[in-house]
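# Notes for the structure review
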Amino acid sequence: MNVHEQFADDLAMYALGSLSGDERTALEKHLQDCATCRRELDVLRGDMALLALSTTGPVPPARSRKRLADAIAAEPRRTRRSRPRSWALLPWAVAAALAVVALVFWRSNSELRDTMSGLRQQSEEQQLQLQQARDIVSTLTATDALRVTLVAAKTPPQPQGKAIYVRDRSSLVFLATNLPALPPGKAYELWLIPVSGAPVPAGVFKPDVHGSATVLNPPLPPRAEAKAFAITMEPEQGSPAPTSQPIMLGSGE
């Protein structure tokens, strides 16, 4: 038996962190002067890492599994010196070590996935808000927009509404001020009055404590041609068609 074979059975145990006492001291002293055994130790440690990663990541090469298994399996057959019976627990120790390493990697991967998912959702929400802001600015500044002022009876303070509608994009921004408070169970509903046909629902809303309200880009039929806008008081959930007389009405400027 050459000097490398003498220490070969200890390398796998050392790589697992299970070698102790005089045997560990002797092996560490030998490793200082033996480049061959140091390379073999690095290979065994690399194989162990690949086996641990295999529970959560890519399957390691078969040669890595075989090389580490052979190194461990060879241990009981060495005749250089006897081992304590506790070595019979080695397979369980290896399995436990691999399970701990796999759990650490799994937790790290799970936390990373959660972080990436949160950042992705935040980015998507910011992009949506930015696009909505761009749409509103585009509607407010469009040169081809239909601008309609809605007025009510001359009871101070006089309610007033402003509708800005771009037909080609079916885009609508509506702003209202001085709206009276609503009775319980009621809401205001905005209507697009087309050139022909029935009024089209254009959003249900309630004013704030100051009587102000906003409707931004409600769902509308594509390229609906509007001649006027109106507001009625409806049930909270809105109505498919007006159920009362308009309390505010305005035609195109």
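The rules behind these values
- Residues numbered from 1 in each chain as written.
- Predicted model: local features only at pLDDT ≥ 70, side-chain atom pairs only at ≥ 80, totals over all residues.
- Heavy atoms only, no water.
- Helix = DSSP H or I, 4+ residues; strand = E, 2+ residues; numbered from the N terminus.
- Buried < 20%, exposed > 50% of the residue type's maximum accessible area, 1.4 Å probe, protein only.
- Areas by Shrake-Rupley, 256 points an atom, 1.4 Å probe, with all protein chains shown as cover.
- Contact = heavy atoms within 4.5 Å.
- Phe/Tyr/Trp six-rings, centres within 6.5 Å; stacked < 30°, edge-to-face > 60°.
- Arc of directions from axis to C-beta.
- Polar contact = N/O pair within 3.5 Å; in protein donor to acceptor, adjacent residues only side chain to side chain.
- Pairing = 2+ DSSP bridges.
- Patch = residues over 30% accessible without salt bridge, like charges linked within 9 Å, V, L, I, M, F, W, Y side chains within 5 Å.
- Salt bridge = Lys/Arg side-chain N within 4 Å of Asp/Glu carboxyl O.
- pLDDT = per-residue confidence, 0-100.
- Core = buried A, V, L, I, M, F, W, Y, C linked by side-chain atoms within 4.5 Å.

### Looking at the overall build of the protein chain
Along its length, the protein chain carries 5 helices and 8 strands. Taken from the N to the C terminus, the helices and strands of the protein chain come in the order α-α-α-α-α-β-β-β-β-β-β-β-β. Per-residue burial for the protein chain yields a buried fraction of 34% across its 253 residues. Approximately 15600 Å² of the protein chain is accessible, and the part contributed by carbon and sulfur atoms is 58%.

### Examining the environment of proline 218
Along the chain, the position of proline 218 falls in the loop between β6 (213-216) and β7 (226-235). Among the residues examined, proline 218 registers a relative accessible area of 10% and is labelled buried. Residues proline 218 and proline 201 lie 17 residues apart in sequence; the distance between their C-alpha atoms is 8.8 Å. Here proline 218 is in contact with Leu172, Ala202 and Gly203, once residues within four sequence places are set aside.

### Examining the packing of aromatic side chains
All chains considered together, the criterion is met by 3 aromatic pairs. Seen in terms of ring centroids, phenylalanine 174 and phenylalanine 205 are 5.7 Å apart; in terms of plane orientation they differ by 50°. Their pairing is tilted. With phenylalanine 174 in strand β3 (residues 171-177) and phenylalanine 205 in strand β5 (residues 200-205), the pair connects residues that are 31 residues apart, well separated along the chain. On the accessibility criterion, phenylalanine 205 (6% relative accessible area) is buried. One aromatic cluster is present, built from ring pairs that chain together Phe174, Tyr188 and Phe205.

### Things to note about helix α2 (residues 21-33)
Taken residue by residue, α2 has Glu23, Leu27, His30 and Leu31 as its buried positions. Taken down its axis, α2 places every buried residue within 105° of arc, on the same side. Across from the buried face of α2, at angles greater than 90 degrees, the exposed residues are Asp22, Thr25, Lys29, Gln32 and Asp33.

### Focus on the side chain of glutamate 234
By secondary structure assignment, the location of glutamate 234 is in strand β7. Polar side-chain contacts of glutamate 234 include one of 2.3 Å to the side chain of threonine 243. Setting aside anything within four residues of it in sequence, one finds glutamate 234 in contact with Gly185, Lys186, Ala187, Glu189, Trp191, Ser239, Ala241, Pro242, Thr243 and Ser244.

### Focus: the pairing of β3
By the criterion of burial, β3 is predominantly enclosed, with 5 of the 7 residues buried. Relative to β3, strand β2 (residues 160-166) is paired through 7 bridges, and the arrangement is antiparallel. Along β3, the bridge assignment pairs glycine 161 with alanine 176. Linking two consecutive strands that pair antiparallel, namely β2 and β3, is a turn of 4 residues; a positive phi of about 50° is found at serine 170 within it. Note that β3 and β6 share 4 bridges and pair antiparallel. Following the sheet pairing, leucine 175 is matched in β6 by threonine 214.

### Describing a nonpolar patch on the surface
Taken together, Leu112, Met116 and Leu119 make up a surface patch of nonpolar side chains, about 290 Å² in accessible area. Topologically, leucine 112 is positioned in helix α5 (residues 90-141).

### So, the confidence of the model for the protein chain
For the protein chain, mean pLDDT is 79; residues scoring 70 or higher make up 73% of the total. Predicted confidence for residues 75-89 stays below pLDDT 50, and this span has 17 contacts to residues more than four positions away or in other chains.

### Here's the deal with the pairing of β5
The pairing of strand β4 (residues 186-194) with β5 spans 4 bridges and is antiparallel. Considered in β5, the bridge of glutamate 189 is made with valine 204.

### Examining unusual backbone geometry
Peptide bonds are trans in most cases, and residues, glycine excluded, mostly fall at negative phi. Notably, asparagine 178 is not glycine yet its phi reads approximately 60°, a positive angle. Its place among the elements puts asparagine 178 in the loop between β3 and β4. Despite not being glycine, asparagine 217 has its phi angle at roughly 45°, a positive value.

### Section: the nonpolar core
Leu150, Tyr165, Phe174, Leu190, Phe205 and Phe229 are the most contacted members of the largest nonpolar core, which has 24 residues in total. Of all the elements in the fold, those that place two or more residues in this core are β1 (146-151), β2, β3, β4, β5, β6 and β7. Setting aside residues up to four positions removed in sequence, leucine 190 forms contacts with Leu150, Leu172, Phe174, Val200, Pro201, Ala202, Gly203, Phe205, Phe229, Ala230 and Ile231. Core analysis: the second largest hydrophobic core is formed by 14 residues, Ala15, Cys37, Leu41 and Leu44 among them.

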